[in-house]
Amino acid sequence: MNILFVCSANKQRSKTAEDYFSEKYLEHAFYSVGTNAKICRKEGTNLVSEIDLDWADIIYVMEEKHRKIINQHTSNTYNSKITVLHIPDIYNYYQKELLELFETKVLI
(Lines give C-alpha, C1' and ligand atoms only; values in the text may rest on other atoms or scores of the structure.)
Protein backbone atom coordinates (compact mmCIF):
# COMPACT_ATOMS: atom_id res chain seq x y z
CA MET A 1 0.00 0.00 0.00
CA ASN A 2 1.23 3.53 -0.84
CA ILE A 3 0.49 6.15 1.79
CA LEU A 4 1.00 9.89 1.30
CA PHE A 5 1.16 12.43 4.13
CA VAL A 6 0.47 16.10 3.40
CA CYS A 7 1.03 19.29 5.41
CA SER A 8 1.96 22.83 4.42
CA ALA A 9 5.76 22.80 4.27
CA ASN A 10 6.68 19.08 4.39
CA LYS A 11 9.02 19.90 7.23
CA GLN A 12 7.44 18.90 10.54
CA ARG A 13 4.16 16.97 10.48
CA SER A 14 4.12 15.12 7.18
CA LYS A 15 7.86 14.45 7.23
CA THR A 16 7.58 13.06 10.77
CA ALA A 17 4.73 10.79 9.65
CA GLU A 18 6.68 9.53 6.63
CA ASP A 19 9.81 8.77 8.64
CA TYR A 20 7.97 7.29 11.63
CA PHE A 21 5.68 4.95 9.70
CA SER A 22 8.44 3.96 7.24
CA GLU A 23 10.38 2.49 10.15
CA LYS A 24 7.32 0.85 11.69
CA TYR A 25 5.61 -0.70 8.64
CA LEU A 26 8.20 -1.99 6.21
CA GLU A 27 5.56 -3.66 4.04
CA HIS A 28 4.08 -0.29 2.94
CA ALA A 29 5.52 2.66 1.04
CA PHE A 30 5.31 6.13 2.56
CA TYR A 31 5.97 9.58 1.15
CA SER A 32 5.32 13.13 2.32
CA VAL A 33 4.72 16.47 0.62
CA GLY A 34 3.69 20.05 1.32
CA THR A 35 1.06 22.27 -0.26
CA ASN A 36 2.80 25.66 0.05
CA ALA A 37 4.97 26.10 -3.05
CA LYS A 38 6.83 29.14 -1.73
CA ILE A 39 7.85 27.45 1.52
CA CYS A 40 8.69 24.12 -0.13
CA ARG A 41 10.97 25.87 -2.64
CA LYS A 42 12.63 27.91 0.13
CA GLU A 43 13.12 24.89 2.42
CA GLY A 44 13.98 22.42 -0.35
CA THR A 45 11.12 20.10 0.62
CA ASN A 46 8.69 18.09 -1.52
CA LEU A 47 5.80 19.99 -3.11
CA VAL A 48 2.66 17.96 -3.81
CA SER A 49 2.09 16.91 -7.42
CA GLU A 50 -0.49 14.88 -9.28
CA ILE A 51 2.12 12.15 -9.65
CA ASP A 52 2.20 11.86 -5.84
CA LEU A 53 -1.59 11.88 -5.61
CA ASP A 54 -1.92 9.21 -8.30
CA TRP A 55 0.73 7.07 -6.58
CA ALA A 56 -1.05 7.10 -3.23
CA ASP A 57 -3.68 4.58 -2.18
CA ILE A 58 -4.39 6.66 0.93
CA ILE A 59 -3.75 10.37 1.43
CA TYR A 60 -3.58 11.71 4.98
CA VAL A 61 -3.73 15.50 5.20
CA MET A 62 -3.04 17.31 8.45
CA GLU A 63 -5.72 20.01 8.14
CA GLU A 64 -8.91 20.68 6.20
CA LYS A 65 -7.12 23.46 4.29
CA HIS A 66 -4.80 20.86 2.75
CA ARG A 67 -7.77 18.89 1.41
CA LYS A 68 -9.24 22.09 -0.02
CA ILE A 69 -5.99 23.00 -1.78
CA ILE A 70 -5.71 19.54 -3.34
CA ASN A 71 -9.36 19.53 -4.40
CA GLN A 72 -9.16 23.05 -5.88
CA HIS A 73 -6.27 22.03 -8.12
CA THR A 74 -7.59 18.60 -9.10
CA SER A 75 -11.37 19.05 -9.38
CA ASN A 76 -11.95 16.69 -6.42
CA THR A 77 -10.33 13.80 -8.33
CA TYR A 78 -8.55 12.51 -5.22
CA ASN A 79 -11.10 13.42 -2.55
CA SER A 80 -12.13 9.79 -1.99
CA LYS A 81 -8.53 8.93 -1.01
CA ILE A 82 -8.18 11.81 1.47
CA THR A 83 -8.55 11.58 5.25
CA VAL A 84 -8.15 14.75 7.33
CA LEU A 85 -6.24 14.13 10.58
CA HIS A 86 -7.03 17.53 12.18
CA ILE A 87 -3.48 18.02 13.47
CA PRO A 88 -2.56 21.72 13.79
CA ASP A 89 0.82 23.16 12.86
CA ILE A 90 2.15 23.41 16.42
CA TYR A 91 4.49 20.43 16.57
CA ASN A 92 8.19 19.99 15.88
CA TYR A 93 9.71 17.19 13.86
CA TYR A 94 9.33 13.86 15.70
CA GLN A 95 7.80 15.52 18.76
CA LYS A 96 6.46 12.91 21.19
CA GLU A 97 2.95 14.42 21.26
CA LEU A 98 2.82 14.40 17.45
CA LEU A 99 3.76 10.72 17.34
CA GLU A 100 1.04 9.98 19.90
CA LEU A 101 -1.53 11.74 17.70
CA PHE A 102 -0.42 9.73 14.68
CA GLU A 103 -0.82 6.51 16.65
CA THR A 104 -4.46 7.35 17.46
CA LYS A 105 -5.47 8.89 14.10
CA VAL A 106 -3.62 7.04 11.35
CA LEU A 107 -5.04 3.64 10.42
CA ILE A 108 -2.62 1.30 8.69
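Above this text you will find the structure in question.
Here's what I pulled together on the structure shown here.

About the cut-offs
Residues numbered from 1 in each chain as written. Predicted model: local features only at pLDDT ≥ 70, side-chain atom pairs only at ≥ 80, totals over all residues. Heavy atoms only, no water. Helix = DSSP H or I, 4+ residues; strand = E, 2+ residues; numbered from the N terminus. Rg over C-alpha atoms; globule rule 2.2 N^0.38 Å. Buried < 20%, exposed > 50% of the residue type's maximum accessible area, 1.4 Å probe, protein only. Contact = heavy atoms within 4.5 Å. Areas by Shrake-Rupley, 256 points an atom, 1.4 Å probe, with all protein chains shown as cover. Lys, Arg positive; Asp, Glu negative; His and termini not counted. Charge placed at Lys NZ, Arg CZ, Asp CG, Glu CD. Pairing = 2+ DSSP bridges. Axes fitted to C-alpha atoms, helices over the stretch in contact; angles between N-to-C directions. Salt bridge = Lys/Arg side-chain N within 4 Å of Asp/Glu carboxyl O.

## Observations regarding the overall build of the chain
Secondary structure assignment for the chain yields five helices and four strands. The C-alpha radius of gyration computed for the chain amounts to 13 Å, which stays within 12% of the reference 13 Å derived for 108 residues, consistent with globular compactness. In the chain, buried positions account for 41% of the 108 residues. Considering only contacts within the chain whose residues lie at least 6 apart along the sequence, 64% involve residues at least 24 apart. Carbon together with sulfur atoms contributes 50% to the accessible area of the chain, which is approximately 5,900 Å² in total. Here the chain contributes 13 positive and 15 negative side-chain charges, whose respective centroids are spaced 7 Å apart.

## Re the sheet that holds strand 4 (residues 82-84)
The strands making up a sheet associate through backbone hydrogen bonding, with each pair oriented either parallel or antiparallel. Read across the sheet, four strands follow the order 2-1-3-4 without closing on themselves; strand pairing throughout is parallel. The open sheet has two edge strands, strand 2 (29-34) and strand 4, and neither has a second partner. Direction aside, neighbouring strands of the sheet carry axes that sit 25° apart on average. Summarising the sheet, strand 3 (residues 58-61) and strand 4 pair through three bridges and their orientation is parallel. Note on strand 4: the bridge partner recorded for Tyr-60 is Thr-83. Set on the sheet, helix 1 (residues 13-24) makes contact with strand 1 (2-7) and strand 2; between it and strand 2 the angle comes to about 170°.

## Comments concerning the side chain of Asp-52
Positionally, Asp-52 belongs in helix 3 (residues 50-55). Ignoring any residue separated from it by four or fewer positions in sequence, one finds Asp-52 in contact with Leu-4, Tyr-31, Val-33 and Leu-47.

## A look at the pattern of salt bridges
Summed over the entire model, instances satisfying the criterion amount to eight salt bridges. Put simply, Lys-15 and Glu-18 hold a salt bridge, and the shortest N to O gap is 3.4 Å. Pair noted here: Lys-15 and Glu-18 are both in helix 1, with a separation of three residues, about one helical turn. In this structure Glu-18 comes out as buried when scored by relative accessible area, which is 10%. A salt bridge links Glu-64 to Arg-67, with the nearest nitrogen and oxygen atoms 3.2 Å apart. Residue Glu-64 and its partner Arg-67 are located together in helix 4 (residues 64-74), separated by three residues, close to a single helical turn. Its relative accessible area of 31% is what places Glu-64 among the partly exposed residues. It is possible to trace a salt-bridge network through shared partners that takes in Arg-13, Glu-63 and Asp-89.

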